[in-house]
Amino acid sequence: MRKIEHLGIAVRDLEKSNELFRKLLGKEHYKEEKVEGEGVSTSFFMVGETKVELLEATRGDSPIAKFIEKKSEGVHHIAFDVVDIYAEVERLKAEGFEILNETPKQGADNKLVVFLHPKSTNGVLVELCQEKDN
């Protein structure tokens, strides 16, 4: 793992949260994107070399909608940048971590993503991210 790629924050209202984080960080978000497969709209802010990703549910059965229903708004996950997501999944499986989706899937911001179950990571949802080749 090379660095923290982003922190994911679940929000109820992306527009209001964009304004809040614009004021907090002193800058505008640089990108919004929908990820239909996950049922979310996302917005990204740069903070140094790390991103803050705001996530709003676009349907009631999405993971973000379920998270907010259960825990309210707040930090949803931490994402790490990896060079080879397939090798990293195999390494982590061998170390005993529970992988939620062993086959990488399309995420926001041109990334392949895999999630680790929070019960194997001290209650923290961990995302692995690898930049997709274009």
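A quick note: this is a predicted structure, and the numbers were derived from the prediction, not measured.

Here is what the cut-offs are and how they apply
Residues numbered from 1 in each chain as written. Predicted model: local features only at pLDDT ≥ 70, side-chain atom pairs only at ≥ 80, totals over all residues. Heavy atoms only, no water. Helix = DSSP H or I, 4+ residues; strand = E, 2+ residues; numbered from the N terminus. Buried < 20%, exposed > 50% of the residue type's maximum accessible area, 1.4 Å probe, protein only. Salt bridge = Lys/Arg side-chain N within 4 Å of Asp/Glu carboxyl O. Core = buried A, V, L, I, M, F, W, Y, C linked by side-chain atoms within 4.5 Å. Polar contact = N/O pair within 3.5 Å; in protein donor to acceptor, adjacent residues only side chain to side chain. Expected span 1.5 Å × (residues − 1). Arc of directions from axis to C-beta. Contact = heavy atoms within 4.5 Å.

**Q** Is there a simple way to explain unusual backbone geometry in this structure?
**A** Of all residues except glycine, most have a negative phi; of all peptide bonds, most are trans. With a phi close to 80 degrees, serine 72 is a non-glycine residue in the positive phi region. The residue serine 72 is located in the loop between α2 (63-71) and β5 (74-81) in this model. Serine 72 gets classed as partly exposed once you look at its relative accessible area, which sits at 29%. Even without being glycine, asparagine 122 reaches a positive phi, approximately 55 degrees. With respect to the helices, strands and loops of the structure, asparagine 122 is situated in the loop between β7 (111-116) and β8 (126-131). With a relative accessible area of 79%, asparagine 122 lands in the exposed category.

**Q** Can you walk me through the pattern of salt bridges in this structure?
**A** When the charged atoms of two side chains lie near each other, side chains of opposite charge can form a pair. Inspection of every chain in the model, using the stated rule, returns 17 salt bridges. Two residues, arginine 2 and aspartate 81, come together in a salt bridge whose shortest N-O distance is 2.6 Å. Residue arginine 2 is found in the segment before β1 (3-11), and its partner aspartate 81 is found in strand β5; the two are separated by 79 residues along the sequence. The exposure class of arginine 2 is exposed, given its relative accessible area of 57%. Taking the shortest distance from any N to any O, the salt bridge between lysine 31 and aspartate 109 comes out at 2.8 Å. Placement of lysine 31 in strand β2 (residues 31-35) and of aspartate 109 in the loop between β6 (105-106) and β7 is noted, with a sequence separation of 78 residues between them. What makes aspartate 109 buried here is its relative accessible area of 9%.

**Q** Would you take a moment to explain the nonpolar core for this structure?
**A** As a rule of thumb, soluble globular proteins bury nonpolar side chains together. Counting residues in each nonpolar core, the largest one holds 11 residues, listed as Ile78, Val82, Ile85, Val89, Leu92, Ile99, Leu112, Val114, Leu116, Val126 and Leu128. Elements that contribute at least two residues to this core include exactly α3 (85-94), β7 and β8.

**Q** I tried to follow the environment of aspartate 13 on my own but got confused; where do I start?
**A** Take aspartate 13: it is sitting in the loop between β1 and α1 (14-25). C-alpha of aspartate 13 to C-alpha of glutamate 69: the two residues are 56 residues apart in sequence and 14 Å apart in space. Of note is the side chain of aspartate 13, whose polar atom sits 3.1 Å from the backbone nitrogen of glutamate 15. At a separation of 2.9 Å, a polar atom in the side chain of aspartate 13 contacts the main-chain amide nitrogen of lysine 16.

**Q** How should I be thinking about the side chain of lysine 51 in this particular structure?
**A** Note that lysine 51 resides in strand β4 (residues 50-57). Among the residues examined, lysine 51 registers a relative accessible area of 11% and is labelled buried. Here glutamate 5 takes part through its side chain, which lies 2.7 Å from a polar atom of the side chain of lysine 51.

**Q** Hey, could you run me through α1 in this one?
**A** Along an α-helix, a turn takes 3.6 residues, which lines up residues three or four apart on a common side. Over its 12 residues, α1 runs 16 Å from end to end, which matches the ideal 16 Å to within 8%, given 1.5 Å per residue. Of all the residues in α1, the buried ones are Leu14, Ser17, Asn18 and Phe21. Taken end-on, α1 shows its buried residues confined to a sector of 105 degrees, consistent with a single buried face. Structural note: α1 exposes Glu15, Lys16, Leu20 and Lys23 on the side pointing more than 90 degrees away from its buried face. Buried positions along α1 lie against β1, β2, β3 (40-47) and β4. For α1, the N-terminal cap is aspartate 13; the gap from its side-chain oxygen to the backbone nitrogen of glutamate 15 is 3.1 Å. Just downstream of α1 lies glycine 26, where phi reads positive at about 75 degrees.

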